[in-house]
Structures are given as C-alpha cells and as structure tokens.
Amino acid sequence: MAYQDLADRLENFAAEIIKLYEKMPHSYAAQYLAQQLIRSACSSALNYGEALGAGTTKDRVNKLRITLKELRESLRNLRIQSKANLLTSEKSKTLQSENDELIRIVVTLIKNSND
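Residues numbered from 1 in each chain as written. Predicted model: local features only at pLDDT ≥ 70, side-chain atom pairs only at ≥ 80, totals over all residues. Heavy atoms only, no water.

Trainee: I keep staring at the side chain of Gln-31 and nothing clicks. Help me out?
Mentor: Residue placement: Gln-31 occurs in helix H2 (residues 28–52). Residue Gln-31 is classed as buried on the basis of its relative accessible area, which comes to 15%. At 2.7 Å, the side chain of Gln-31 forms a polar contact with the backbone oxygen of Pro-25. (Helix = DSSP H or I, 4+ residues; strand = E, 2+ residues; numbered from the N terminus. Buried < 20%, exposed > 50% of the residue type's maximum accessible area, 1.4 Å probe, protein only. Polar contact = N/O pair within 3.5 Å; in protein donor to acceptor, adjacent residues only side chain to side chain.)

Encoded structure:
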C-alpha cells in the first residue's frame with residue numbers, strides 16, 4: 001500500500017466519523033463520546049500526515065505510534081458506543097472493520113520501520 005493511499009483512507013475514516021456525529025443523539029453520553037471520537041479519528045489522520053513529513057526514521061516511527069494510539073482509542077470508543085446502542089450495528093461494524101484494518105497497517109509500518 002502506498003503512503004498516499006493510507007493517508008486517503010485515514011482521511012476518509014475521519015470524514016465518516018464526522019458525518020456520523022451529525023446523526024448522533026443529543027444525550028450527554030452520545031455527544032461526549034462522539035466529540036472524543038472525532039478528536040481521535042482526526043488526530044490519527046493528522047499525525048500520519050506529520051509522519052509522512054518526518055525528517056528522521058525515529059521521528060517518523062514516533063508519529064506512527066501516535067497515529068496507532070489514536071486509532072486504538074477510536075476503536076475502543078466505537079465499541080463502547082456500540083455496546084451502549086448509540087450506533088446502529090451495521091454502521092458500527094463497518095467503522096470498526098475499517099478502524100481495525102488501519103491499525104493493522106500502521107502496526108506493520110512501525111515494525112517495518114524498525115527493521
């Protein structure tokens with residue numbers, strides 16, 4: 001997978017999360033989790049962009065680790081929302097699946113950078 005392809009997928013994932021937020025219930029819990037999910041999903045895309053411009057391998061790996069951390073937070077958030085019935089199971093499964101694939105890709109990039 002090309003670096004730009006991953007950047008596009010991360011941006012698309014963040015955009016889908018933003019679109020999801022517009023349809024969330026207005027309860028305190030739903031809004032709290034949705035806002036946090038937007039932050040973590042967007043942060044993963046933004047930190048990956050920083051990794052692409054990193055000057056050293058060490059800096060790139062550090063930014064990839066931050067990307068990974070934010071993706072893991074997003075996945076946990078999606079799971080909580082699903083368990084609390086704040087998301088439809090179909091939408092939740094789709095987003096969780098993409099989130100999981102993105103995590104796997106970033107883990108592979110980190111491992112390959114350390115070789």
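Structure shown, so let's carry the discussion forward.
Trainee: Would you mind showing me how to read the packing of H2 against helix H3 (residues 57–83) here?
Mentor: How two helices sit against one another is set out by the angle between their axes and by the gap between those axes. H3 packs onto H2 with a crossing angle of 160° between their chain directions and a minimal axis gap of 8 Å. Between H2 and H3, the angle falls in the class roughly antiparallel. By crossing handedness, the relation of H2 to H3 is classed as left-handed. (Axes fitted to C-alpha atoms, helices over the stretch in contact; angles between N-to-C directions. Parallel < 35°, antiparallel > 145°, perpendicular 65-115°, else oblique. Left-handed = near helix turned anticlockwise from the far one by under 90°.)

Trainee: Sorry, what's going on with the nonpolar core here?
Mentor: In a soluble, globular protein the nonpolar side chains are often hidden away together inside. Among the nonpolar cores identified, the biggest contains 30 residues, and Phe-13 and Ile-17 are the most heavily contacted of them. Mapped by element, the contributors of at least two residues to this core are helix H1 (3–21), H2, H3 and helix H4 (89–113). The element best represented in this core is H2, accounting for nine residues. Ignoring anything within four residues of it in the chain, the contact list for Phe-13 reads Ala-41, Leu-71, Ser-74, Leu-78, Leu-95, Glu-98, Asn-99 and Leu-102. (Core = buried A, V, L, I, M, F, W, Y, C linked by side-chain atoms within 4.5 Å. Contact = heavy atoms within 4.5 Å.)

Trainee: So what exactly am I meant to see when it comes to the environment of Met-24 here?
Mentor: Looking at where Met-24 falls in the secondary structure, it is placed in the loop between H1 and H2. For Met-24, a relative accessible area of 4% translates into the label buried. Not counting the four nearest positions on each side in its chain, Met-24 is found in contact with Ala-30, Gln-31, Ala-34, Gln-81, Leu-86 and Leu-87.

Trainee: Got a minute to help me understand the packing of aromatic side chains in this structure?
Mentor: In this description, a pair of aromatic rings is defined by centroid distance and the angle of the planes. With the rule as written, the count across this model stands at one aromatic pair. Residues Tyr-28 and Tyr-32 carry aromatic rings whose centres are separated by 6.1 Å and whose planes lie at 25° to one another, so their mutual orientation is stacked. In this pair, Tyr-28 and Tyr-32 both sit in helix H2, four residues apart, roughly one turn of the helix. The exposure class assigned to Tyr-28 is exposed, which follows from its relative accessible area of 69%. (Phe/Tyr/Trp six-rings, centres within 6.5 Å; stacked < 30°, edge-to-face > 60°.)

Trainee: Which parts of the structure should I look at to understand the pattern of salt bridges?
Mentor: Where charged atoms from two side chains of opposite charge approach closely, those side chains can pair. In the structure shown here, the tally under the stated rule is seven salt bridges. With its nearest N and O atoms 2.8 Å apart, the salt bridge here joins Arg-9 to Glu-98. With Arg-9 in helix H1 and Glu-98 in helix H4, this pair connects stretches of sequence that are 89 residues apart. Residue Asp-100 is joined to Arg-104 by a salt bridge in which the shortest nitrogen-to-oxygen separation is 3.0 Å. Of the two residues, Asp-100 and Arg-104 are both situated in helix H4; the distance of four residues between them amounts to about one turn of the helix. Judged by its relative accessible area of 26%, Asp-100 is partly exposed. (Salt bridge = Lys/Arg side-chain N within 4 Å of Asp/Glu carboxyl O.)

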